[in-house]
Amino acid sequence: MNVLILAAGPERAEDHADSYPLCLAELDGQPLIERIIGALDALSPSRFIFCFRKSDVRQFHLADITSLLAPGSKVMPVSERTGGAACTALLGAEFIDNDEELLIVNGNELLEIDFSVVVNGFRQGDWDAGVVTFPSIHPRYSYVRLDEHGLVVEAAEKRPISRFATAGFYWFRRGADFVQSAKSMIRKDASVNGSFYICPSLNELILQQRRIGTHGIEAAQYKPLKTAKQVEQFETSLGKDY
């Protein structure tokens, strides 16, 4: 399995000019990126691939950090502006356009779940792809709509088409399926507010009548850490045995 971690956003862990990127925010003394890698280790991935901002890689020695945390990993420096998360993910196409499993996760959130249980469930379901969902109706998230068998029949970004919001955890049985779907989505110009996201690429698989399953979690198990304020709130919660 290849694991692709998207952490190229412009947000910072503190609200001042010389602050660190969010992936280095220390939570109870441990950088966020280390927590994410630790949770993913249960999957025994063959390779970690990290997408960081090019300026952050230089300034904060992110390649050195990730080589210590995940020996043999690859770092993809990303320019300051891209066409969105899907375009960023495609920068790693040389490593993921193959028959190996692919897991795409965000580097600015935590899921309090056992990743091996989730992925094994996707495998046992004999699905072509799988996503983790939590209950929400807020338009900040991406969503999937399910049929009577619990399979995904539609995906949307920033539009609540159901109560199943996605938690930034996307598994593909074959990395090549994601690459082809993302490219097809981009060719169709299926962007949202000028950006291309991961979730809508699932629609391309649906058009091919591929099977996409879900693993539902409680909203409290999903911890978005996309702003300095959310990081601060999470740090505070740690002291309360959150």
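Here the structure is a predicted model, which means the values were calculated and not measured.

Calculation criteria
- Residues numbered from 1 in each chain as written.
- Predicted model: local features only at pLDDT ≥ 70, side-chain atom pairs only at ≥ 80, totals over all residues.
- Heavy atoms only, no water.
- Helix = DSSP H or I, 4+ residues; strand = E, 2+ residues; numbered from the N terminus.
- Salt bridge = Lys/Arg side-chain N within 4 Å of Asp/Glu carboxyl O.
- Buried < 20%, exposed > 50% of the residue type's maximum accessible area, 1.4 Å probe, protein only.
- Arc of directions from axis to C-beta.
- Contact = heavy atoms within 4.5 Å.

Chemist: Which residues make up the environment of D64, and what are the values?
Modeler: Within the element layout of this structure, D64 appears in helix α3 (residues 62–69). Each C-alpha atom of the pair D64 and V75 lies 9.8 Å from the other, and the pair is 11 residues apart in sequence.

Chemist: Give me the lowdown on the pattern of salt bridges, citing residues and values where you can.
Modeler: Under the definition given, this model contains 11 salt bridges. With a closest N to O distance of 3.0 Å, R145 and E154 form a salt bridge. The partner of E154 in a salt bridge is R159, and the shortest N-O contact between them spans 3.5 Å. The class for R159 is partly exposed, based on a relative accessible area of 45%. Within this structure, D99, D128, R174, D177 and R210 form a network of salt bridges that share partners.

Chemist: Provide a residue-level description of unusual backbone geometry, including the pertinent values.
Modeler: You will see that S44, though not glycine, has its phi angle at about 50 degrees, which is positive. Here S44 lies in the loop between α1 (32–40) and β4 (47–53).

Chemist: Run through helix α6 (residues 115–124), naming residues and quoting values.
Modeler: Buried within α6 are the following residues: F115, S116, V118, V119 and F122. Buried residues of α6, viewed axially, fall in a sector of 160 degrees; they line one side. Exposed residues pointing more than 90 degrees away from the buried face of α6 are listed as V117 and Q124. Residues of α6 that are buried make contact with α1, β7 (109–111), β8 (129–135), β11 (164–172) and β12 (212–216).

Chemist: Residue-level account of the environment of R81, with values.
Modeler: On the secondary structure map, R81 appears in the loop between β5 (74–78) and α4 (85–90). The class of R81 is exposed, set by a relative accessible area of 75%. For the pair R81 and R53, spaced 28 residues apart in sequence, the C-alpha to C-alpha distance is 9.1 Å.

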